[in-house]
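# Summary of structural features
One letter stands for each residue in the lines below.
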Amino acid sequence: MKHIVGQLALSLKPKSRNPLNISQHHLSFFNTLLTSHSINTTTATMAPIGKIYSYPNNYRVQIAQVAADLNNLTLEFPDFQMGVTNKTPSFLSHFPLGKVPAFSSADETFHLTEGLAIARYIASSGPASAQLLGSDPKTSALIEQWALFGESELANATIPPLLMVLAKMIPYDEARYNQCAGNLERAVKRLEEAVNDGRKFLVGDSLTLADLAVLGAMALAGKFLFDGEMRKQAPSVEGYLKGLLEVPEVKKHFGELTFCETRVQG
Ligand SMILES: N[C@@H](CCC(=O)N[C@@H](CS)C(=O)NCC(=O)O)C(=O)O
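Residues numbered from 1 in each chain as written. Predicted model: local features only at pLDDT ≥ 70, side-chain atom pairs only at ≥ 80, totals over all residues.

Regarding its fold elements, the protein chain presents eleven helices and four strands. Taking all 266 residues of the protein chain together, 40% fall into the buried category. At a minimum sequence separation of 6, the contacts of the protein chain that also span at least 24 residues come to 73%. (Helix = DSSP H or I, 4+ residues; strand = E, 2+ residues; numbered from the N terminus. Buried ≥ 20, exposed ≤ 12 C-beta atoms within 10 Å, placed from the backbone. Contact = placed C-beta atoms within 7 Å.)

Two elements, strand β1 (residues 48-53) and strand β2 (residues 74-76), share three bridges in a ladder whose sense is parallel. Bridge assignment links G50 to a residue of β2, and that residue is L75. Where the polypeptide runs from β1 across helix α2 (residues 59-70) and back to β2, its parallel neighbour, the crossover connection is right-handed. (Pairing = 2+ DSSP bridges. Right-handed = clockwise from strand over helix to strand, strands pointing away.)

This part takes up helix α10 (residues 237-244). For α10, the full list of buried residues reads V237, Y240, L241 and L244. Angularly, the buried residues of α10 cover 95 degrees about the axis, an arc narrow enough to put them on a single face. On the buried face of α10, the contacting elements are α7 (174-195), α8 (209-224), α9 (228-233) and α11 (248-254). (Arc of directions from axis to C-beta.)

Put simply, helix α4 (residues 115-123) and α8 touch, their axes get as near as 11 Å, and they point 145 degrees apart. Classified by chirality, the crossing of α8 by α4 is right-handed. Between α4, through L116, A119, R120 and A123, and α8, the contact on the second element is made entirely by L209, L212 and A213. For the contact of α4 with α8, the class distribution of residues is six nonpolar, no polar and one charged. (Axes fitted to C-alpha atoms, helices over the stretch in contact; angles between N-to-C directions. Left-handed = near helix turned anticlockwise from the far one by under 90°. Nonpolar A, V, L, I, M, F, W, Y, C, P; charged D, E, K, R; others polar.)

Another aspect to go through is the nonpolar core. Formed by 70 residues in total, the largest nonpolar core has its most connected members in A67, A119, L154, L184, L209, A213 and V214. Of the residues forming this core, the biggest block, twelve residues, is contributed by α8. Once residues lying within four places of it in the same chain are set aside, the contact partners of A119 are I63, A64, A67, L209 and L212. (Core = buried A, V, L, I, M, F, W, Y, C linked by C-beta atoms within 7 Å.)

Inspection of the sheet shows β1 paired to strand β3 (residues 102-105) by four bridges, in the antiparallel sense. Bridged to Y53 within β3 is A102.

Here the focus is the environment of A64. Of note, A64 is situated in helix α2. Given 31 C-beta atoms within 10 Å, A64 falls into the buried group. C-alpha separation for the pair A64 and H253, spaced 189 residues apart in sequence, amounts to 9.6 Å. In this structure A64 touches I52, I118, A119 and I122, once residues within four positions along its chain are discounted.

Here we take up the packing of helix α6 (residues 137-166) against α7. Axis separation between α6 and α7 bottoms out at 8 Å; the angle between their running directions is 150 degrees. Between α6 and α7, the interaxial angle falls into the category roughly antiparallel. Here α6 and α7 pass one another in a crossing that is left-handed. Contacts between α6 and α7 involve E153, L154, A157, T158, P160, P161 and M164 from the former and R176, Y177, C180, A181, N183, L184 and A187 from the latter. A class-by-class count of the residues in the contact of α6 with α7 yields ten nonpolar, two polar and two charged. (Parallel < 35°, antiparallel > 145°, perpendicular 65-115°, else oblique.)

What follows is the structure, encoded as structure tokens:
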């Protein structure tokens, strides 16, 4: 699944920097899709913990930014051009797969990839660590369960259809699209069971990495796949997701959530 959503960021660049030659139509479409909330630089008083390389509006980065804010940590965002910066020898020397997000510590001695690992590292690096990651083995394991669910069940069901029908970076495959939509529906039902008692957070009484990972994937799905029909089957999920925006740090980095009425198909 090369380039995934990342190359959508090409749409945010001038056409001359668009090596995939995505059409103007698609460029403007993705501008609408991905720039509804621009990158909100984390502001805190401490020296930066490090820098994250990414295209704008990468939900995996937004998760890390919320964790950084809650820990009063600053992150830097170096200039980054998808398909260019991540192909340079210096980038590849630290991040051999050339994927983003990618994190380098302030002293440049520690390099990390995988959005969840980056978010976990930042979450564990300040006073909100116990809140975000749990302070006993069972709570931590439950948080990990939901964070992995966000990636493996929600994001994995959302990204292939996105590449087919929005980015048009892979050919439309109806059977695969339907399978992914079915997987998302099943995962959303599981989420519904978890929150339909009116709880505000998946684990315990405050925001954890579990909520952030689920929110990140669902914010993406809501734009084109998590449609009115799916929401009808899972009436508590939309309220749960919107409720997370009541945490100011979440609102700051995720902005408004949009939920489509009809899913986008090929
Ligand atoms: N499992 C990784 C996925 C990262 C990923 O696939 N990033 C894409 C952008 S969304 C990328 O950088 N692709 C560039 C490439 O494959 O060359 C994570 O969770 O961080």
